[in-house]
Each structure stands twice: as C-alpha cells, then as structure tokens.
Amino acid sequence: MAEDTADTSGRDDESYSLQRHRVDEILLAINRGDAVQLAQLLDQLHPADIADLMEQVGDKTRHLLLRFWGRDIDGEILSELDEGVRAEVIGALPDEVLSEAVLDLQSDDIVDLVEDLEDDRKDIVLDALSAKERTAVEQALSYPETSAGRLMQREVVAAPEHWTVGQTIDHVRSGAEDLPEQFYHVILVDPKMRPIGYVTLGKLLSMSRDLLLRNITEHSFRTVPVDLDEAEVAYVFNQYHLITLPVVDANDRLVGVITIDDAMAVLDDEHEEDILRLAGVTEDSSLSDNAVETTRLRLPWLGVNLLTAILASLVIALFEDAIGQIVALAVLMPIVASMGGNAGTQSLTVAVRAIATKDLTGSNVWRVVGRELVVGVLNGLVFAAVMGIVALVWFGSTPLALVISSAMVVNMAVAALAGILVPVTLERFGVDPALASGTFVTTVTDVVGFFAFLGLATVVLL
C-alpha cells in the first residue's frame, strides 16, 4: 500500500495533459516526414490531446501534420478543435476524408461541426449521413444558434411509462446498434411522447425485472424547451446537479436530450467568455489567431479606454494650479486612483460572477451593496492609515497626510459601490455586465479618486 501511495503522489500535472517529450517526438516525426512514426505516436493520444497539439503548433507545422496524417483524422478530433483551427483543418481535408470522419459522431457533435461551415463543405458532411441522421441535423440547425435545440442530441433511450425493468432491459439489448454512444438514463414517456420521468441505468440494472419503471424514477427530473438559451440550460444542470436533461417541443413532446458533457462545455465557454469580456477582449479571440486579427479584435475597447482616460485627465487639468504649487500631489495622486481601481475590480468580479450564476438577484442586491460599502470603508480606513504615515514621513506634512487619508477612504468606498452597482444596472438594461462594466468602474474610480484627492488638497493646503 505504501508503494501505491508513493507512486500516486509522484505524479505531476503533465500526467493528465499533452506531455512535452511526446510533443517533441511528434514534431521530430513531422520534420522528418515519417508518416509511419507519426501515426504510431498519434494513435497513443486521446482525441482531445491531438486537438490541443494541432492548436498549439504553427500554421506550417499543422499543414505538414495534415499532409502526413490527415487521412487518419476522425470526427472526435474535429469536434474538440477550437473553431478557428477547425475551419482551417476542415478546409485542408479531402472530401472523402471529411465525410468518413463524421460518420461515428452523435447528432449534436455533427451539428456543432457543420454549423460554421461554408455551404459546399456543409453539403459534403450532410451527404455522408443517412437520411435519418441528415433530417435530425437539419432540424437542429433550424433552431437558434445558442438554444437547447442546437445543443441536444436526437438519439434518445425512451420507454413507455407502464413498462417493467425487465422489458426495458430487453429492449435496450435488442436495439444496441441504435443506442447513443453515451446515455445515463432511460426516459419515461406517455402515449403522446411527453417525458414524465427517468430512471438511472444503475437502478435499471439492480432492480427486480417485474418492477414498474414509474416506481423507481428520480426526483431530479426536469425538462427544458427546445428554444431555451444554452446558458440557461447549463444553469439548470449546475443548479439541480443533473446528468441528463430531456428537451421538449412546443407540445411538450420529447425531441432530444442534453447530457452533462455538453453542459460542461457550455459552462466552460461561459466562464471563458466572462473572463475575456472583463478584460475587454472579444470571446472570438484565440491563441491561434494571427497578429492582425488579434489587433483588430482588441482595438475597439482600447479605444473606449482611451476616451475614459482622457476624461480622467480632464479632471486632473482642473487642478493644474494646485499640482504646480505642490509637487507632492503629482507623486501621490496615482496611488489613490490605483487603489480605487483595484478595489472596484474586486467587487466587480464578484458581482459579475454572482449575476452569471443567479446568486445576485433583486431580493439580495441591497444587502450585498451594503456589505460591499462596509468592506470598502474598512479597507479604506486601513490603507488611509498606511498612506497617512507614508505621506507624513515622506513629505513631513500633516495636512497632506490627512488629505490623502480622506481621499483614500472616499475612493475605496465609491469603488466598492461602483463594482456592484455598475454591473447590476447594466444587467437591468439588458447589457452584458461582463463586457462593459470594467470600463465604467475604472472611469468612476479614476475620476472620483483624482477629484477627491486634488479637491481636498486645494481646499486644505492652498
């Protein structure tokens, strides 16, 4: 037992990711043009790791990899790729390779694959499918882009509500070839194909054969309409700890099912989107983009930041006489603005995440605002004392120490309020708080910080 424990503790993070030495071996095989060795190395990797490799290498190396190995690529690798790289890879694949790659995919993965393709390439994929699969994919493509209908898979394991465990097991075994690749529940339906519950595979396999399915259903059962936004779908999964979520049409009939792996992908995308937007970066940005494309995507919000910086500079210009007479003001005023900006960002990050997870609502918003105000004031008092001592030691001026201490408390309190109220207000007006809040909060803290510090200095010191 001791040896097993030691082996486990000796693992590092690379045990669960694309290892550097393996990448070096693959790159060496690509540079040598050794297709046999390249195939042997890639066959040992999970499709997700191959996708990571294709995203991390440069365009030239990726082109060579596809040249030597591209005919062995499968649909699972394509479904794991970043959208930008995926489009490039698909564009480089021969028609017959692309057609073959999608045959083993579930309908939801095929939809994800073809929705961004050009019409000619989309037709190649659709033509490779059976009539049943093609109808399912085309119907899914008719739903809104970020809806449950796009996210669901049409392959569903369903059983009439009056069936027994034994009947269901026999049915599943007899139709094994038509089963989805992954499923976790058998969905119970009424005579009108409306889902009324589901049974886990664990219960199905462990219960007596003569037991009715309706007697062993799960309390967690939920359904969602086909047009529900995927972000709401992910919230339902997370809120109710689901593994399977049936999707229904306008008549409450079962049309598909969403599984936990798809919901996790949506949650991951939502988190990534929030992080990027907080930094003023579009969610379309990727490490695989070239410099020109990345510049184009980042320019707009940098332009907005420039305008807000000019606004802060105009506030400073109002007090240029005071700054000219007391040089210490120019030395100390960036500290006030910087501390306010950091305090505002802390509150903002908490607020945006709480809004996304529906933890911050109309019922508790004012309690949270009050808490953040108290936190802002307390932090302001702590750092006011610190900066007061610094200013006193540095410049030997008690009035200056009092001015910067007072300005610090005011700005950090305002920053804490802005960090909560700005995203809440934007969300009420239908604006994504993750996208626009950062600029507004920074503007508020800069303007208030400079105005409070320089205004107090003008009154007290001149």
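Residues numbered from 1 in each chain as written. Predicted model: local features only at pLDDT ≥ 70, side-chain atom pairs only at ≥ 80, totals over all residues. Heavy atoms only, no water.

### Re the side chain of Gln153
One can find Gln153 in the loop between helix 12 (148–151) and strand 1 (158–160). Within the structure, Gln153 has its side chain in polar contact with the backbone oxygen of Glu155 (distance 3.2 Å). Apart from residues no more than four positions distant in its own chain, Gln153 is found in contact with Gln106, Ser107, Asp108, Pro180, Gln182, Gly256, Val257 and Thr259. (Helix = DSSP H or I, 4+ residues; strand = E, 2+ residues; numbered from the N terminus. Polar contact = N/O pair within 3.5 Å; in protein donor to acceptor, adjacent residues only side chain to side chain. Contact = heavy atoms within 4.5 Å.)

### Section: the nonpolar core
One recurring pattern in soluble globular proteins is that nonpolar side chains are buried together. Counting 43 residues, the largest nonpolar core has Met54, Trp69, Ile73, Leu78 and Val89 as the members making the most contacts within it. In contact with Val89, other than residues within four places in its own chain, are Met54, Arg62, Leu66, Ile73, Leu78 and Leu81. With 30 residues, the next largest nonpolar core counts Leu332, Ala384, Ala401 and Phe453 among its residues. (Core = buried A, V, L, I, M, F, W, Y, C linked by side-chain atoms within 4.5 Å. Buried < 20%, exposed > 50% of the residue type's maximum accessible area, 1.4 Å probe, protein only.)

### Section: helix 2 (residues 20–32)
When the terminal C-alpha atoms of helix 2 are compared, their 18 Å separation across 13 residues agrees well with the 18 Å that a helix rising 1.5 Å per residue should span. Every buried residue of helix 2 is accounted for by Arg22, Val23, Ile26, Ala29 and Ile30. Projected down its long axis, helix 2 carries its buried residues within an arc of 125°, all on one side. Residues Asn31 and Arg32 are exposed on helix 2 and point more than 90 degrees away from its buried face. With its phi angle positive at about 75°, Gly33 sits one or two positions after the end of helix 2. (Expected span 1.5 Å × (residues − 1). Arc of directions from axis to C-beta.)

### Description of the packing of helix 19 (residues 327–356) against helix 20 (residues 365–395)
Between helix 19 and helix 20, the shortest axis-to-axis distance is 12 Å and the interhelical angle comes to 160°. By the angle between their axes, helix 19 is roughly antiparallel relative to helix 20. Along this stretch, helix 19 crosses helix 20, giving a crossing that reads as right-handed. Across the interface between the two elements, Ala328, Val331, Leu332, Ile335, Met339, Ser347 and Val350 of helix 19 pack against Arg371, Glu372, Phe383, Met387, Ala391, Trp394 and Phe395 of helix 20. Across the contact of helix 19 with helix 20, the residue classes break down as 11 nonpolar, one polar and two charged. (Axes fitted to C-alpha atoms, helices over the stretch in contact; angles between N-to-C directions. Parallel < 35°, antiparallel > 145°, perpendicular 65-115°, else oblique. Left-handed = near helix turned anticlockwise from the far one by under 90°. Nonpolar A, V, L, I, M, F, W, Y, C, P; charged D, E, K, R; others polar.)

### Some points on the pattern of salt bridges
Within the structure shown, the criterion is met by 15 salt bridges. As a salt-bridge pair, Glu138 and Arg134 come within 2.9 Å of each other at their nearest N and O atoms. Placement of the pair is Glu138 and Arg134 together in helix 11 (residues 131–141), with a separation of four residues, close to one helical turn. Exposure remark for Arg134: the relative accessible area of 25% places this residue in the partly exposed category. (Salt bridge = Lys/Arg side-chain N within 4 Å of Asp/Glu carboxyl O.)

### Observations regarding the sheet that holds strand 5 (residues 244–248)
Here three strands make up an open sheet; going across it, the order is 4-5-6 and the pairing mixed. In this open sheet, the two strands that pair with only one neighbour each are strand 4 (224–225) and strand 6 (254–259). The pairing of strand 5 with strand 6 spans five bridges and is antiparallel. Along strand 6, the bridge assignment pairs Val248 with Leu254. Here helix 15 (residues 230–240) sits on the sheet and contacts strand 5 and strand 6; the angle it forms with strand 5, its principal contact strand, is near 140°. (Pairing = 2+ DSSP bridges.)

### Remarks on the packing of aromatic side chains
Under the definition given, this model contains three aromatic pairs. On the numbers, 5.2 Å between centres and 90° between planes, the contact of Tyr198 with Phe221 is edge-to-face. Of the two residues, Tyr198 is situated in strand 3 (residues 195–200) and Phe221 in the loop between helix 14 (201–206) and strand 4; the sequence distance between them amounts to 23 residues. Measuring from centroid to centroid gives 4.9 Å for Trp394 and Phe395, while their planes differ by 20°, and the two rings are stacked. Take Phe395: its relative accessible area is 31%, and that puts it in the partly exposed class. Note that Arg222 overlies the ring of Tyr240, its terminal NZ or CZ placed 4.1 Å from the centroid. (Phe/Tyr/Trp six-rings, centres within 6.5 Å; stacked < 30°, edge-to-face > 60°. Lys NZ or Arg CZ within 6 Å of the ring centre and 35° of its normal.)

### Some words on helix 21 (residues 398–428)
The first and last C-alpha atoms of helix 21 sit 45 Å apart over 31 residues, in line with the 45 Å expected at 1.5 Å per residue. At Ala418, helix 21 is deflected by roughly 30°, the largest bend along its length. Two or three places before Leu400, at the start of helix 21, stands the capping residue Ser397, its side-chain oxygen 3.2 Å from that residue's backbone nitrogen. After helix 21 finishes, the residue Gly430 shows a positive phi value of roughly 80°. (Bend = angle between axes of the 7 residues up to and from the residue.)

### Digging into the confidence of the model for the protein chain
Residues shown with low pLDDT carry predicted positions that ought not to be read at fine detail. The predicted model of the protein chain has a mean per-residue pLDDT of 85, with 91% of residues at 70 or higher. In the model of the protein chain, helix 1 (residues 2–9) stands out as the element of lowest mean pLDDT, 40, in contrast to strand 4, which has the highest, 96. pLDDT under 50 marks residues 1–11. Its contacts with residues more than four places away, or in other chains, come to one contact. (pLDDT = per-residue confidence, 0-100.)

### Structural notes on the pairing of strand 3
Pairing analysis gives five bridges linking strand 2 (residues 185–189) to strand 3, with the strands arranged antiparallel. Paired with Leu188 across the strands is Gly197, a residue of strand 3. In textbook terms, the turn of a hairpin is the stretch between consecutive antiparallel strands, and for strand 2 and strand 3 this stretch comprises five residues, one of which, Met193, has a positive phi near 65°.

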